[in-house]
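Read off the chains here:
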Amino acid sequence: MRHGKKVNHLGRTASHRKAMLSNMASSLILHKRVSTTVAKAKALRKYVEPLLTKSKSDTTHSRRTCFAYLQNKESVKELFDEVSLKVANRPGGYTRILKTGYRLGDNAEMCVIELVDYNEDMLATDTAAAGAKKSRRRGGSKKSTTEATPAATAAAETPAAETAAPATEEAAPVKEEAPASDDTTEETKDAQ
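Only a predicted model underlies this, so the values are computations on that prediction, with no experimental measurement involved. (Residues numbered from 1 in each chain as written. Predicted model: local features only at pLDDT ≥ 70, side-chain atom pairs only at ≥ 80, totals over all residues. Heavy atoms only, no water.)

Q: Teacher, can you tell me more about the overall build of the protein here?
A: A tally of helices and strands in the protein yields six helices and three strands. Counted from the first residue to the last, the protein has its helices and strands arranged as α-β-α-α-α-β-β-α-α. The buried share among the 192 residues of the protein stands at 27%. Of the contacts formed within the protein by residues at least 6 apart in sequence, a portion of 55% connects residues at least 24 apart. Summed over all atoms, the accessible surface of the protein reaches about 13700 Å², with 55% contributed by carbon and sulfur. (Helix = DSSP H or I, 4+ residues; strand = E, 2+ residues; numbered from the N terminus. Buried < 20%, exposed > 50% of the residue type's maximum accessible area, 1.4 Å probe, protein only. Contact = heavy atoms within 4.5 Å. Areas by Shrake-Rupley, 256 points an atom, 1.4 Å probe, with all protein chains shown as cover.)

Q: Would you mind going over the nonpolar core with me for this structure?
A: Taken as a class, soluble globular proteins show a tendency for nonpolar side chains to be buried jointly. Judged by nonpolar contacts, the single largest core of 28 residues is most densely connected at Leu28, Leu44, Leu70, Leu79 and Val83. Per-element accounting of this core gives the leading share, eight residues, to helix 2 (residues 38–54). Those residues in contact with Leu44, other than ones at most four positions away along the chain, are Leu21, Met24, Ala25, Leu28 and Ile113. (Core = buried A, V, L, I, M, F, W, Y, C linked by side-chain atoms within 4.5 Å.)

Q: Would you take a moment to explain the sheet that holds strand 3 (residues 109–115) for this structure?
A: Strands pair in a sheet through their backbones, by hydrogen bonds, and they do so in one of two ways: parallel or antiparallel. The strand order across the open sheet formed by three strands is 1-3-2, and the pairing between neighbours is antiparallel. Both edges of this open sheet fall to strand 1 (33–37) and strand 2 (95–102), since each of them pairs with a single strand only. Direction aside, the axes of adjacent strands within the sheet are offset by 25° on average. Bridge analysis of strand 1 against strand 3 gives five bridges, and the strand direction is antiparallel. Residue pairing in the sheet places Val34 in a bridge with Ile113 of strand 3. On top of the sheet, helix 2 reaches strand 1, strand 2 and strand 3; it is set at about 15° to strand 3, its chief contact. (Pairing = 2+ DSSP bridges. Axes fitted to C-alpha atoms, helices over the stretch in contact; angles between N-to-C directions.)

Q: Before we go on, may I ask you to explain the packing of aromatic side chains in this structure?
A: To describe a pair of aromatic rings, one takes the distance between the centres and the angle between the planes. Counted by the stated rule, this structure contains one aromatic pair. For the pair Tyr47 and Tyr69, a centre-to-centre distance of 5.7 Å together with 75° between the ring planes defines the contact as edge-to-face. Here the residue Tyr47 occupies a position in helix 2, and Tyr69 occupies one in helix 3 (residues 60–70), the gap between them amounting to 22 residues. Residue classification places Tyr47 among the buried residues on the basis of a relative accessible area of 14%. On the basis of relative accessible area, Tyr69 is assigned to the partly exposed category, the value being 41%. One Lys or Arg, Lys32, reaches over the ring of Tyr118 and ends 4.9 Å from the middle of that ring. (Phe/Tyr/Trp six-rings, centres within 6.5 Å; stacked < 30°, edge-to-face > 60°. Lys NZ or Arg CZ within 6 Å of the ring centre and 35° of its normal.)

Q: Would you explain helix 3 in this entry?
A: Side chains three or four residues apart in an α-helix point the same way, a direct result of the helix having 3.6 residues per turn. All of the buried residues in helix 3 are Ser62, Thr65, Cys66 and Leu70. Viewed end-on, helix 3 has its buried residues packed into an arc of 125°, placing them on one side of the element. Those residues of helix 3 that are exposed and angled more than 90 degrees off the buried face are His61 and Arg64. Where helix 3 is buried, its residues meet helix 1 (14–31), helix 2 and helix 4 (73–86). Trailing helix 3 by a residue or two, Gln71 shows a phi angle of about 55°, which is positive. (Arc of directions from axis to C-beta.)

Q: Looking at this model, I keep getting lost on the packing of helix 3 against helix 4. Mind explaining?
A: If you want to describe how two helices pack, look at the angle between their axes and the distance between the axes. Remark: helix 3 packs on helix 4, axes separated minimally by 9 Å, with the N-to-C direction vectors making an angle of 135°. Our classification of the angle between helix 3 and helix 4 gives oblique. Between helix 3 and helix 4 lies a crossing of right-handed hand. For the pair helix 3 and helix 4, the contacting residues are Ser62, Arg63, Cys66, Phe67 and Leu70 in the first and Lys73, Ser75, Val76, Leu79, Phe80 and Asp81 in the second. By residue class, the composition of the contact of helix 3 with helix 4 is six nonpolar, two polar and three charged. (Parallel < 35°, antiparallel > 145°, perpendicular 65-115°, else oblique. Left-handed = near helix turned anticlockwise from the far one by under 90°. Nonpolar A, V, L, I, M, F, W, Y, C, P; charged D, E, K, R; others polar.)

Q: Where do I start with the pairing of strand 2 in this structure?
A: Across a regular strand the side chains alternate sides, sitting on one face of the sheet and then on the other. Across seven bridges, strand 2 lies against strand 3 in antiparallel orientation. Across the sheet, residue Thr95 finds its bridge partner in strand 3, namely Leu115.

Have a look at this one:
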């Protein structure tokens, strides 16, 4: 039984698992995004997020500690020079896991794990959404909301009625065609 054992062994020995997570963490720091299975991504998140937190304080001790985990000079340099500046104001949650479907060969659930502050597409949508949220008013007088509600419901009912009418008109010819096909079958029976 495995009660109370939280480490996912990922089907590997301890040394193989440590080397794999070290390499994946280095690749994540250098390339900002890695495609892998969901199980490995969750294990990688537990491995790399404490390193990102440690990189916020640029001391010799923290650099040596991160190097002990990563075993790659270039990734440590990238971590402390560029990545730590981006994550300086973030209190945690430095990575994001986006599921991408299933692998063709063995149907393993695949995903992309990425650093949150480096996805420009999502950052652009977040700032646009934040701008939209700031422009809205909260509260307002109850009189203005009650006046807007009947007008909005009347406007909502009118287009629905207009769209419902053409749908019934299109459905009517279909019903007319069905008896016509019955007449032809009766005529063919009479001819026989």
